[in-house]
Amino acid sequence: MRTTVDTWTRRRFLKASGVSAAGVLLAGGAAYSASELLASGDGEGAGGEAGVLVLVTLYGGNDGLNTVVPAADPHYRDARPDLAYGEDEVLPLGEELGLNPGMKGFHGLWKEKRLAVVRGVSYPKPDHSHFRSMAIWQTASPESPAPTGWLGRWLDAQSKPDPLTAVSLGATLPPVLAGEKVSGAAVSLGRAPLPDAWQTVCTHLAAEQAEVHPLQQRAAATLGDLVRVDDTFAAGEKMESGDGRGGEEKNGKGKGKGEDGAGEGSGEEDGRQSPEEEDEDEDKPAEGASAGGQSGLAAQLGLVERALASGARTRVYCVSLGGFDTHANEKGTQSRLLARLDQDLSAFLGRIRRTEAGKRVVVAVHSEFGRRVGANAGQGTDHGTAGPVFLLGEPVRGGFYGDQPSLAKLVDGDLSTTTDFRDVYATLLDRVLDTEPGQILDGHEKTLAFL
């Protein structure tokens with residue numbers, strides 16, 4: 001009889017973890033605790049007056065048309081009559097566009113000229129696959145697969161490369177922080193202990209295999225690292241508690257709740273499967289599934305806030321929210337997720353704007369793709385192409401950037417791309433991270449005026 005480990009193949013594990021089998025792989029980076037991150041500063045922060053980037057990824061493919069809503073456009077209502085918002089429901093932005101009704105905090109920032117909306121953002125020859133699209137967004141390499149992320153290459157270019165210069169808040173390191181010489185750091189927000197079944201699976205899949213591509217093997221090796229880190233934390237918790245129960249007692253039997261009650265790895269929004277569940281096709285209709293993402297956005301942002309206050313030397317923080325793969329029953333699911341994004345980010349910015357460090361922070365929010373213009377039979381939308389990118393913070397020049405894609409001129413049922421995603425990256429590299437964009441983006445130099 002085949003065991004769970006035999007059945008649970010390497011490809012299926014990587015897929016369920018939000019990682020593709022070719023090119024979008026976990027990079028071997030360092031794992032740090034929150035206390036190590038907070039102790040890394042000297043009180044001066046990231047280079048004194050240097051800018052700080054908080055990159056927010058909405059995993060699953062957020063529906064841009066129901067985020068920045070063309071409510072007055074009859075093509076919008078005709079394409080999705082039951083999903084469409086009315087003109088009297090959205091929060092007006094001008095140019096016949098409005099924000100999703102759940103984004104009241106963003107709307108306030110718009111009025112203050114501290115929210116920029118970049119429209120029609122995608123890449124040449126868009127791909128409907130979660131994993132290929134995430135690979136392109138994270139590597140900034142739309143033409144061919146790349147072994148490094150765009151922020152990993154930025155790390156490589158620093159005079160003194162240091163993993164804590166760019167961190168991901170969560171248990172795994174996203175490919176965007178994978179460099180050739182150094183990778184960023186994964187910083188845990190707290191510990192949700194690995195179940196025994198997961199430890200067995202991780203150990204099995206981390207074993208070296210001769211037929212596997214070196215990049216896949218590098219990714220698989222990190223699964224063994226995850227078990228070792230889990231064992232280390234468990235030992236430390238046992239010593240601290242003195243009763244052998246450690247974090248299980250503190251966190252409610254390993255739920256690992258963060259500040260907002262959604263624990264890291266809790267699965268509430270991230271759509272991950274357990275080893276016992278059947279493998280599912282990535283295009284199977286789902287309510288709020290995603291191709292990755294850490295739960296507990298408020299907890300992630302709370303640690304960023306503490307790191308800024310402590311003077312940590314970090315200049316890039318990667319945080320995420322999953323659940324946006326809304327193939328079915330989209331309206332309620334997306335509205336709830338956008339309200340959470342709005343609430344958590346607005347509260348974070350409201351707190352840090354009163355500090356000197358907070359005045360240097362730029363927040364960028366993106367997803368791997370938008371959704372199809374027309375609704376499907378399940379009152380959801382399928383994988384699409386272009387969507388909006390948000391920029392928020394004190395340094396941001398609010399307003400619209402890029403043209404609004406026309407709903408009357410679709411490309412095979414999808415929105416056309418009006419802004420190259422590398423224009424956004426080039427602007428962040430140039431004006432937040434003080435780096436020549438062409439060195440990181442293979443010669444791409446075009447920037448936008450939102451900073």
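Our structure's up above, just so we're on the same page.
Model, not experiment: these values are computed from the prediction. (Residues numbered from 1 in each chain as written. Predicted model: local features only at pLDDT ≥ 70, side-chain atom pairs only at ≥ 80, totals over all residues. Heavy atoms only, no water.)

## Focus: the overall build of the protein chain
Okay, step 1: When its secondary structure is counted, the protein chain shows 14 helices and 13 strands.
Okay, step 2: Considering the protein chain as a whole, with its 451 residues, one finds that 56% of them fall into the buried category.
Okay, step 3: Expressed as a percentage of contacts within the protein chain between residues at least 6 apart in sequence, the contacts between residues at least 24 apart total 74%.
Okay, step 4: Total accessible area computed for the protein chain in this model is approximately 18,600 Å², and 49% of it derives from carbon and sulfur atoms. (Helix = DSSP H or I, 4+ residues; strand = E, 2+ residues; numbered from the N terminus. Buried < 20%, exposed > 50% of the residue type's maximum accessible area, 1.4 Å probe, protein only. Contact = heavy atoms within 4.5 Å. Areas by Shrake-Rupley, 256 points an atom, 1.4 Å probe, with all protein chains shown as cover.)

## What to know about the pairing of strand S4 (residues 91–94)
Okay, step 1: The two faces of S4 differ: Leu 91 and Leu 93 on one face are buried, but Pro 92 and Gly 94 on the other face are not.
Okay, step 2: In terms of strand pairing, S4 meets strand S5 (residues 97–99) through 3 bridges, oriented antiparallel. Looking at the pairing, Leu 91 lines up with Leu 99 of S5.
Okay, step 3: Here S4 folds back onto S5 in antiparallel fashion, the turn holding 2 residues, of which Glu 95 has a positive phi close to 55°. (Pairing = 2+ DSSP bridges.)

## A look at unusual backbone geometry
Negative phi is the rule for most residues except glycine; trans is the rule for most peptide bonds.
Okay, step 1: A positive phi is found at Glu 96, a non-glycine position, where the angle reads about 60°.
Okay, step 2: One non-glycine residue, Asp 434, lies in the positive phi region at around 55°.
Okay, step 3: Checked against the element boundaries, Asp 434 lands in the loop between helix H13 (421–431) and helix H14 (437–440).

## Some thoughts on helix H5 (residues 104–111)
Okay, step 1: Three or more residues of H5 are buried, namely Phe 106, His 107, Leu 109 and Trp 110. Projected down its long axis, H5 shows its buried positions confined to an angular sector of 160°, all on one face. Residues Lys 104 and Lys 111 are exposed on H5 and point more than 90 degrees away from its buried face.
Okay, step 2: Of the residues flanking the end of H5, it is Lys 113, one or two places downstream, whose phi is positive at about 65°. (Arc of directions from axis to C-beta.)

## Here's the deal with the pairing of strand S9 (residues 316–321)
Okay, step 1: Taken across its 6 residues, S9 has 6 buried, putting it largely inside the fold.
Okay, step 2: Of the two faces of S9, the one holding Val 316, Cys 318 and Ser 320 and the one holding Tyr 317, Val 319 and Leu 321 are both buried throughout.

## Brief notes about the pattern of salt bridges
Okay, step 1: Applying the stated criterion across every chain, the model contains 14 salt bridges.
Okay, step 2: Its salt-bridge partner being Asp 162, residue Arg 313 comes within 2.4 Å of it at the nearest N-O pair. Highlighted residues: Arg 313 in the loop between helix H11 (297–310) and S9 and Asp 162 in the loop between helix H7 (150–156) and strand S7 (166–169), separated in sequence by 151 residues.
Okay, step 3: The class for Arg 313 is partly exposed, based on a relative accessible area of 34%.
Okay, step 4: Note that Glu 356 and Lys 359 form a salt bridge whose closest N and O atoms lie 3.4 Å from each other.
Okay, step 5: Put simply, Glu 112, Arg 114, Arg 353 and Glu 394 are held in one network by salt bridges that share partners. (Salt bridge = Lys/Arg side-chain N within 4 Å of Asp/Glu carboxyl O.)

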